[in-house]
Amino acid sequence: MDVTGRSIFHKKYGEGKVISLEDARIRVDFNGGERLFACTDAFVRLISGDDELITYLINYINDIESKTRELRSERLAMIERQLKERRTDAQENNGNCGECYNLAVNAVYCDGGRNDNAVGFNGVCSDSVLEQNVNATDGRWCTKHDCRCGVYAMEKGTAIRRELDRLMEDGGFVCPESRMLRDWVVSEGVDNDRRPRNLNIGEGKICVLTTVDPQDNEEDRYIFAIYIIGSIDKDINGIARVWADSRCRYAFSPEDAKKMKFWDFFPDEDEWGNDRFILLDDIVCETIIKTAYDLTGEEALKAMLYTFRETEG
């Protein structure tokens with residue numbers, strides 16, 4: 001079906017005509033102003049008017065997702081083999097620590113609370129970042145029907161925005177990213193079978209928080225915070241929460257964070273496994289902390305390095 005020239009009505013942008021549909025991206029002209037959207041379920045929920053076009057887009061999305069799942073399954077099988085080898089290497093490098101690892105986290109970019117000294121991850125995303133996250137094609141939480149941000153992106157009302165902000169009050173949160181640097185905690189989440197994940201990490205180990213800005217590529221991933229794990233507990237659903245030691249944690253400024261390129265510490269790799277975590281050995285973590293200290297000169301990082309070395313013997 002040729003969708004070029006077909007009319008749609010978008011809940012936010014109004015009447016528009018489709019210019020093109022290619023590679024799961026749809027370009028629409030709204031009275032001379034062009035916008036490019038990810039062709040996802042979230043986008044379809046925001047349009048109306050041409051039932052034939054909407055049905056076609058739904059089938060198109062389903063077909064793309066089916067092919068993507070097949071390719072991703074093959075790719076992940078290869079990545080998981082590589083990660084298994086890394087876990088074995090980590091165990092050997094960690095000596096008598098046994099199956100106890102450090103952790104790198106793939107966090108969805110969140111600019112909540114961003115300023116000149118803070119990357120974000122402390123509040124609800126801005127409208128522009130929220131909309132990009134909701135319309136992403138990688139299956140992140142922001143795209144799920146249960147996500148309140150998706151409701152806000154679809155309805156776009158002041159009352160709903162206030163509701164999101166209220167969720168952050170009194171220890172509440174909208175998503176794991178929105179509280180990451182407010183509470184200094186990471187949730188291990190669940191595996192594909194919906195059972196709580198067990199990452200085999202331990203107190204005294206390092207947690208490295210990484211992200212990618214919306215306009216950038218995976219190769220631009222940077223480290224925005226580091227902490228020594230102070231404790232690990234479980235929420236009411238049995239999902240593990242990894243808390244920072246309040247004496248050993250450090251968040252980079254936006255300027256310094258961009259200089260801490262995550263993949264520089266893994267020159268031969270640039271992939272994540274079937275979740276948002278990578279297990280790290282002690283040598284890599286010590287290198288990351290030392291690089292951070294050399295970059296910033298912050299005594300907090302120097303103290304973290306000494307503490308980590310003493311913990312690991």
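Residues numbered from 1 in each chain as written. Predicted model: local features only at pLDDT ≥ 70, side-chain atom pairs only at ≥ 80, totals over all residues. Heavy atoms only, no water.

This brings us to the sheet that holds strand β3 (residues 25-30). An order of β4-β3-β2-β1-β5 is seen for the five strands of this open sheet, with the pairing classed as antiparallel. Each having just a single partner strand, β4 (33-38) and β5 (47-48) make up the two edges of the open sheet. As paired elements, strand β1 (residues 7-10) and β5 share two bridges and run antiparallel to each other. Along β5, the bridge assignment pairs F9 with S48. (Pairing = 2+ DSSP bridges. Helix = DSSP H or I, 4+ residues; strand = E, 2+ residues; numbered from the N terminus.)

In this section: the sheet that holds strand β9 (residues 222-234). Pairing is mixed across the open sheet formed by six strands, whose spatial order is β7-β10-β9-β8-β6-β11. Strands with a single pairing partner mark the edges of an open sheet, and in this sheet they are β7 (185-187) and β11 (277-280). Adjacent strand axes in the sheet meet at a mean angle of 35°, parallel and antiparallel pairs treated alike. Sheet topology places strand β6 (residues 102-106) next to β11; four bridges connect them, and they run antiparallel. Within β11, the residue paired with N102 across the bridge is L280. Taken strand by strand, helix α6 (residues 176-184) contacts β7, β8 (206-211), β9 and β10 (240-251), and its axis lies near 55° from that of β10. (Axes fitted to C-alpha atoms, helices over the stretch in contact; angles between N-to-C directions. Contact = heavy atoms within 4.5 Å.)

Further remarks concern the pairing of β6. Of all five residues in β6, five are buried, a share of seventy percent or more. Burial of the side chains of β6 extends over both faces: N102, A104 and N106 are buried on one face and L103 and V105 on the other. (Buried < 20%, exposed > 50% of the residue type's maximum accessible area, 1.4 Å probe, protein only.)

If you check the backbone angles, W184 has positive phi at about 55° while not being a glycine. The residue W184 is located in helix α6 in this model. Given the relative accessible area of 8%, W184 is considered buried. Residue N200 is not a glycine yet carries a positive backbone phi of 55°. Mapped onto the fold, N200 is located in the loop between β7 and β8.

Following the criterion strictly, the structure yields 10 aromatic pairs and no others. On the numbers, 4.0 Å between centres and 5° between planes, the contact of F121 with F224 is stacked. Of this pair, F121 sits in the loop between β6 and α3 (127-134) while F224 sits in strand β9; the two residues are 103 residues apart in sequence, bridging distant segments of the chain. The same class applies to F121 as to F224, namely buried. Ring centres of F262 and W263 lie 4.9 Å apart, and the angle between their planes is 65°; on these two criteria the pair is classed as edge-to-face. In this structure F262 comes out as buried when scored by relative accessible area, which is 0%. The exposure class of W263 is buried, given its relative accessible area of 7%. Taken together, Y13, F30, F37 and F43 form an aromatic cluster joined through their ring pairs. The aromatic ring of F173 is capped on one face by R179, whose charged end is 4.4 Å from the ring centroid. (Phe/Tyr/Trp six-rings, centres within 6.5 Å; stacked < 30°, edge-to-face > 60°. Lys NZ or Arg CZ within 6 Å of the ring centre and 35° of its normal.)

To continue, consider helix α9 (residues 299-311). A rise of 1.5 Å per residue sets the reference length of α9, with its 13 residues, at 18 Å; its end C-alpha atoms lie 18 Å apart and thus fit the reference within 8%. All of the buried residues along α9 are L301, M304, L305 and F308. Within α9, the buried residues cover an arc of 100° as seen down the axis, which keeps them to one side. In α9, those exposed residues whose orientation departs by more than 90 degrees from the buried face are E299 and E310. Those residues of α9 that are buried are in contact with β6, β8, β9, β10 and α8 (282-296). (Expected span 1.5 Å × (residues − 1). Arc of directions from axis to C-beta.)

Tallied over the entire structure, the rule returns 15 salt bridges. Here D183 and R182 are joined by a salt bridge, their closest N and O atoms 2.8 Å apart. Relative accessible area serves as the criterion here: at 24%, R182 is assigned to the partly exposed category. By sharing partners, the salt bridges in this structure join R6, D50 and E52 into a single network. (Salt bridge = Lys/Arg side-chain N within 4 Å of Asp/Glu carboxyl O.)

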